[in-house]
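# A closer look at the structure
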Amino acid sequence: MEVKEATGRLGVLMPGLGAVATTLIAGVEAVKKGIAQPIGSVTQLGHIHLNRKTGDNYPKIKDFVPLAGLQDLVFGGWDVYEDNVYVAASRAKVLEQHTLDALRPELEALKPMKAVFDKSYIANLDGTHIKEGANKYALAEALMEDMENFKDTRGCDRLVIVWCGSTEKYTEVSDVHESLSAFEKGLKESDPRIAPSMIYAYAAIKLGIPFLNGAPNLTVDIPALVELAAKTKTPIGGKDFKTGQTLMKTILAPGLQARALGVKGWFSTNILGNRDGYVLDAPENFRTKEVSKLGVLEDILRPDLAPDLYNDLYHKIRINYYPPHGDNKESWDNIDIFGWLGYGMQIKINFLCRDSILAAPLVLDLALFGDLAKRSGLSGVQEWLSFYFKSPQTAPGFRPEHDIFKQLTVMQNALRKLMGEEMVNPDRLAFAEEEITA
Ligand SMILES: NC(=O)c1ccc[n+]([C@@H]2O[C@H](COP(=O)([O-])OP(=O)(O)OC[C@H]3O[C@@H](n4cnc5c(N)ncnc54)[C@H](O)[C@@H]3O)[C@@H](O)[C@H]2O)c1
């Protein structure tokens, strides 16, 4: 496969310049200045094992595949609030103020473009930095203009978009999402079932710009946009960055399953006090998150294959808005497991995490890998990026893979395949191969 070199500048655009996006931007600027390390970024710090007889057979991923360098990244985005990135990052209170102050000129220079927004999708936001247009199609056109202007004025060779906007209310695929023609008609008629995130995604994919979705909203996970991605040969992926509690779940559950230990119940509760938590305090928005988080265990434990171990599994998830914790989410898991002869045991996890500290490196990796996919001629749903998502989008007919270790193997095999190296267990990973040659 021909993988084009990453020459020139890569524009990374994010709808939603909130806690996650500003933590990413400030983080990359800090790394560029040599005052911090990109911890948690697999593209920057991860290695890959290669079956080479000579030379380095454990190179860093960034030395193995041609990725855009951090020096070549140019950030931008949209938000419903006018705050520049310095103000938004200070308000988000994820990074210490002295770090932000050290980067102040770079961060202040980044001002959001006006957003496409619809309050009916996010009840708890009331920003006014919003585009107006005759209909949703006109709004999509305005976004395309933003993207092209950004590329020209900032001297970018390529763009990639990662949705870092708030979680929209729960929606299901309906007829307006079923085909590209129905969707375009819906845009012109401002169909209320077309969410703002779908308008951004439509605009990006129409221009052939890779689009990855970090929130649990459907966004690109609808047949109409999958069809458009095939037409314009655009890589897409989602949904919902895998951080915090779900990250722990997909690390632990494969171990329990591997040892044929039963699981009777898994109760997960969280408190967080950032704007994301406030948005999720609205029941319709929480529902979107809940659905995204619930699929994980069933897919790893497979009660259909091992009913004696997992058929009675009771899985419950709660998120409560608790302002004093800010972005420092705290989660508790109570796991009721059982072993030999059915004897019960319990595992308790109390994770005092930092939401955006875990999410920011995922945005970086998704942007770099989304761009790599485009330069490699890959298009459609990039299942090899499931590693990064709570609720991985799949091509029609495929089961999502949630086990983080299998996801990592699939991702690394995709990279091996791209670079013409021998894959690990290629027979068992037909999934990666099919995706990569599609
Ligand atoms: N931090 C994590 O660990 C994590 C994990 C998984 C998913 N996520 C998701 O990532 C997203 C961002 O999280 P966050 O903590 O940065 O939230 P945040 O509330 O700090 O930032 C989201 C920003 O999006 C903006 N926004 C909302 N709708 C918009 C629109 N239509 N156009 C442009 N901007 C819009 C909001 O004004 C806000 O500034 C959320 O959807 C969250 O659920 C975060």
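For the structure itself, look to the data block above.
From a predicted model like this one, the values you see are computed outputs, not experimental measurements.

This brings us to the overall build of the chain. The secondary structure content of the chain amounts to 18 helices and 11 strands. Radius of gyration (C-alpha) of the chain: 21 Å, near the 22 Å computed for a compact globule of 438 residues. For the chain, the C-alpha atoms occupy an extent of roughly 65 × 55 × 50 Å along the three principal directions. The burial tally for the chain puts 49% of its 438 residues in the buried class. Considering only intrachain contacts with a sequence separation of at least 6, the fraction spanning at least 24 residues in the chain is 75%.

Its place among the elements puts leucine 159 in strand S4 (residues 158–163). Of the residues examined, leucine 159 has 27 C-beta atoms within 10 Å and is grouped as buried. The spatial distance from the C-alpha of leucine 159 to the C-alpha of isoleucine 209 is 6.0 Å, given a sequence separation of 50 residues. Sequence-distant contacts of leucine 159, that is, excluding residues within four places in its chain, are made with Gly11, Leu13, Met147, Lys151 and Ile209.

Let us now look at the nonpolar core. In terms of nonpolar packing, the biggest core is built from 107 residues, with Val162, Ile199, Tyr202, Leu225 and Val363 touching the most fellow members. Take this core: its biggest share by element is 11 residues, from helix H16 (residues 355–375). Counting only domains with at least three residues in this core, you end up with domain 1 (10–241 + 357–437) and domain 2 (245–352). Leave out the neighbours within four places in its chain, and valine 363 touches Val20, Ala21, Leu24, Val162, Cys164 and Gly214. By size, the runner-up hydrophobic cluster in this structure holds 10 residues, among which are Val263, Trp266, Val296 and Leu301.

Here the focus is helix H7 (residues 136–153). With 18 residues, H7 ought to run about 26 Å at 1.5 Å a step, and its terminal C-alpha atoms sit 25 Å apart, in line with that. Burial in H7 covers these residues: Lys136, Leu139, Ala140, Leu143, Asp146, Met147 and Lys151. Down the axis of H7, the smallest arc covering the buried residues is 125°, so these residues share one side. Of the exposed residues in H7, those oriented more than 90 degrees away from the buried face are Glu145, Asn149, Asp152 and Thr153. In this structure, the buried residues of H7 make contact with strand S1 (10–15), strand S3 (113–114), S4, helix H9 (180–188) and helix H10 (196–206). Glycine 155 sits one or two residues past H7 and shows a positive phi near 60°.

This next bit is on the packing of helix H12 (residues 244–258) against helix H14 (residues 283–301). Remark: H12 packs on H14, axes separated minimally by 9 Å, with the N-to-C direction vectors making an angle of 15°. Regarding the angle of H12 to H14, the classification is roughly parallel. Where H12 crosses over H14, the two elements pack in a sense that is right-handed. Contacts between H12 and H14 involve Thr246, Lys249, Thr250, Ala253, Pro254 and Gln257 on the former and, on the latter, Lys293, Val296, Leu297, Ile300 and Leu301. Considered class by class, the residues forming the contact of H12 with H14 number 6 nonpolar, 3 polar and 2 charged.

Rules used throughout
Throughout, residues of each chain are indexed from 1 in the direction in which the sequence is written. In view of the model being predicted, local features appear only for residues whose pLDDT reaches at least 70, and side-chain atom pairs are presented and counted only at 80 or more, with totals across whole chains, interfaces and linings using the full set of residues. Runs of H or I in DSSP of at least four residues are treated as helices and runs of E of at least two as strands, each being numbered from the N terminus. The reference for a compact globule is 2.2 Å times residues^0.38; the radius of gyration itself is calculated from the C-alpha atoms. Our exposure labels follow a C-beta count within 10 Å of each residue's own C-beta, placed from the backbone: buried means 20 or more other C-beta atoms, exposed means 12 or fewer, and partly exposed covers the counts in between. Contact between residues is assigned whenever the C-beta positions, reconstructed from backbone atoms, fall within 7 Å. Here a nonpolar core is just a set of buried residues of the types Ala, Val, Leu, Ile, Met, Phe, Trp, Tyr and Cys, joined wherever their C-beta atoms sit within 7 Å. Note that domain bounds follow an automatic or database assignment of domains. The span expected for a helix works out to 1.5 Å for each residue beyond the first. The arc in question is formed by the directions pointing from the helix axis toward the C-beta atoms. A fitted line through C-alpha atoms represents every axis, and for helices the fit uses only the stretch in contact; the resulting angles, taken between N-to-C directions, go from 0 to 180 degrees. By the definition adopted for this analysis, an angle is roughly parallel if under 35 degrees, roughly antiparallel if over 145, roughly perpendicular if from 65 to 115, and oblique otherwise. The sense of a crossing depends on the near helix, which, turned anticlockwise from the far helix by less than a right angle, makes the crossing left-handed and, turned clockwise, makes it right-handed. Polarity classes work like this: nonpolar for Ala, Val, Leu, Ile, Met, Phe, Trp, Tyr, Cys and Pro, charged for Asp, Glu, Lys and Arg, and polar for all others, with Gly in that last group.

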